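# Examination of the molecular architecture
One letter stands for each residue in the lines below.
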Amino acid sequence: MRGWRSMPENPVVMRSRLRLSIEMSRLEMDVLSQIVAAMTTGRPQSFLVEGHPPWGRRFSSAPGAGVHVMLEGQTMLLPPGGEPVRLDVGDVLLLPRGAGHGLASSPDVPLIDVEHPSQRSVAGPVTIGPDRLSARGPRSRMLCGTYRLDTSRQAPLLRRLPASVVLETGAGRHPELSAVVALLVRELTQSAPGRPLAVGSLLDLLLVETLRAWFRQHPYENWAAELSDPLITDALRYLHDHPQRSWTVAELAEAVGLSRAAFARRFTDRVGQPPLAYLTSWRMLMASRLLRDENRVLADIAHSVGYSSSYAFANAFKRVHGVAPGTYRQSSAT
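Residues numbered from 1 in each chain as written. Predicted model: local features only at pLDDT ≥ 70, side-chain atom pairs only at ≥ 80, totals over all residues. Heavy atoms only, no water.

### Examining the pairing of strand β10 (residues 140-148)
The criterion, for reference: Partly exposed residues are those whose accessible area sits between 20% and 50% of the maximum for their type, while under 20% is buried and over 50% is exposed, using a 1.4 Å probe and protein chains only. Strands here are runs of E lasting at least two residues and helices are runs of H or I lasting at least four, both read from the DSSP assignment and numbered beginning at the N terminus. Each pair of strands is called paired provided DSSP finds at least two bridges between the two strands.
Most of β10 is tucked away, with eight of its nine residues classed as buried. Here strand β1 (residues 45-51) runs beside β10; their pairing, made up of seven bridges, is antiparallel. Looking across to β10, one finds that G51 is bridged to S140. Of the pairings in the sheet, the one linking strand β3 (residues 64-72) to β10 comprises eight bridges and is antiparallel in character. Across the sheet, G64 pairs through a bridge with R148, a residue of β10.

Right, here's the structure in full:
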């Protein structure tokens, strides 16, 4: 009928329809999985270390994350400028940004500089130990792993982690983490078929379980605030699953059932960035992974992360990473 105009749709119905349309097309991945997958480069490495006191080693900083798991005895963590921390059997130490650190049988033992495991030239993904540090006294035994991470643009979730994360798995705490450690030790000490593949997969699981355990133990720490707020977690999932969409703050607020102003304040408080600034960060992190791992043309990558042209994408990428996408791809391949 000429001149007919529809009545405005009920906001509740609109919100439900938007949520349904997004949920039906959602990827079956959560925010943590996507962040870790986007930042990880190459295969992780692992090895066993045995030490008999007195011994001490200084690990330099490295581009990635490191993990140490105490299997036997005890070790002192010596962070630069910090107080020594004792690591007992079952304790897991995660260094999410590859911070330099010392490990020793006691705080007063001189430290010997060693090459960081992630900087070794290794033919395969796994270095098998044990590396014997000395030959006297009670034994300390550690499982060590390294992860190559693209630290040029870390997601806020990992950027706000402490420099070192220590988890105690004794007395039945964090049983899932303990189970992964047991499987890793078995793979590293046996020569079973498929060991490199199994160890690489278990190292990935070790990283995820360590982050899960820390999140459960510190649910309201600032670094994990975004994952302890279900509405903000929903908003993050929308952004992660649909980065190519031209989101507005109003649309995100409507999708999670908040006013625009309340949502913007809450998101910024929990995540540490305004919604659209976070979206740009996630797009650039996703783009860097696509450039590293997939042989797709620039226009296709640009469209996948929400840019209408290669030119607009290249300008945005260079502002964030300091280099053009093509240069980044070449350096990553090298």
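Additional details are given in the paragraphs that follow.
### Some details on the pattern of salt bridges
To be explicit about the condition: Any carboxyl oxygen of Asp or Glu that lies within 4 Å of a side-chain nitrogen of Lys or Arg is treated as forming a salt bridge with it.
What the rule picks out here adds up to 14 salt bridges. Between R173 and E168 there is a salt bridge whose closest N-O contact spans 3.2 Å. A relative accessible area of 40% places R173 in the partly exposed class. The shortest N-O distance in the salt bridge between D234 and R237 comes to 3.9 Å.

### Description of the pairing of strand β7 (residues 101-104)
Residues H101 and L103 line one face of β7 and the alternating positions G102 and A104 line the opposite face, and both faces are buried. In this structure, strand β4 (residues 75-78) lies alongside β7, joined through three bridges in antiparallel fashion. Paired with M76 across the strands is A104, a residue of β7.

### Let's talk about unusual backbone geometry
The step from P53 to P54 runs through a cis peptide bond, and the omega angle for that step is 0 degrees. When you line up the elements, P54 lands in the loop between β1 and β2 (56-59).

### Some points on the confidence of the model for the protein chain
Just so we agree on the cut-off: Confidence of the predictor at the level of single residues is given by pLDDT, which spans 0 to 100. Contacts were defined at the residue level, with two residues in contact if any of their heavy atoms lie within 4.5 Å.
For the protein chain, per-residue confidence averages 78 on the pLDDT scale, and 78% of positions sit at 70 or higher. The element-level mean pLDDT for the protein chain is lowest in helix α1 (residues 11-24), coming to 44, with helix α7 (residues 249-256) highest at 95. Below pLDDT 50 for its whole length, residues 1-9 participates in two contacts with residues either more than four positions away or in separate chains. Segment residues 118-129: pLDDT under 50, and 31 contacts once partners within four positions in sequence are set aside and those in other chains are kept.

### Observations regarding the packing of aromatic side chains
Keep this limit in mind: In this scheme Phe, Tyr and Trp rings, the latter by its six-membered ring, pair at centre separations within 6.5 Å, and the angle between planes marks the pair as stacked below 30 degrees, edge-to-face above 60, and tilted otherwise.
Counted according to the given criterion, the structure contains six aromatic pairs. Pairing Y307 with F313 gives two aromatic rings, centres 5.9 Å apart and planes at 55 degrees, and the pair type is tilted. Here Y307 falls in the buried class, since its relative accessible area comes to 15%. Accessibility expressed as a relative area gives 0% for F313, which makes it buried. Ring geometry for F317 against Y328: centres 5.4 Å apart, planes inclined by 75 degrees, an arrangement best described as edge-to-face.

### As for the nonpolar core
For clarity, the cut-off: The set of buried Ala, Val, Leu, Ile, Met, Phe, Trp, Tyr and Cys residues whose side-chain atoms join them within 4.5 Å is what this entry labels a nonpolar core.
If you look at the biggest cluster of nonpolar residues, it comprises 63 residues, and the most contacted ones within it are Y147, L206, F263, F267, Y278 and F313. Top contributing element to this core by residue count: helix α9 (residues 275-293), with nine residues. Sequence-distant contacts of Y147, that is, excluding residues within four places in its chain, are made with P44, P63, G64, A65, V67, L203, D204, L206 and L207. Among the nonpolar cores identified, the runner-up in size contains twelve residues, and F47, V49, L77 and M142 belong to it.

### Some remarks on the environment of R97
Relative to the helices and strands, R97 is located in the loop between β6 (92-95) and β7. Accessibility expressed as a relative area gives 29% for R97, which makes it partly exposed. Spatially, the C-alpha atom of R97 lies 5.1 Å from that of A65, the residues being 32 residues apart in sequence.

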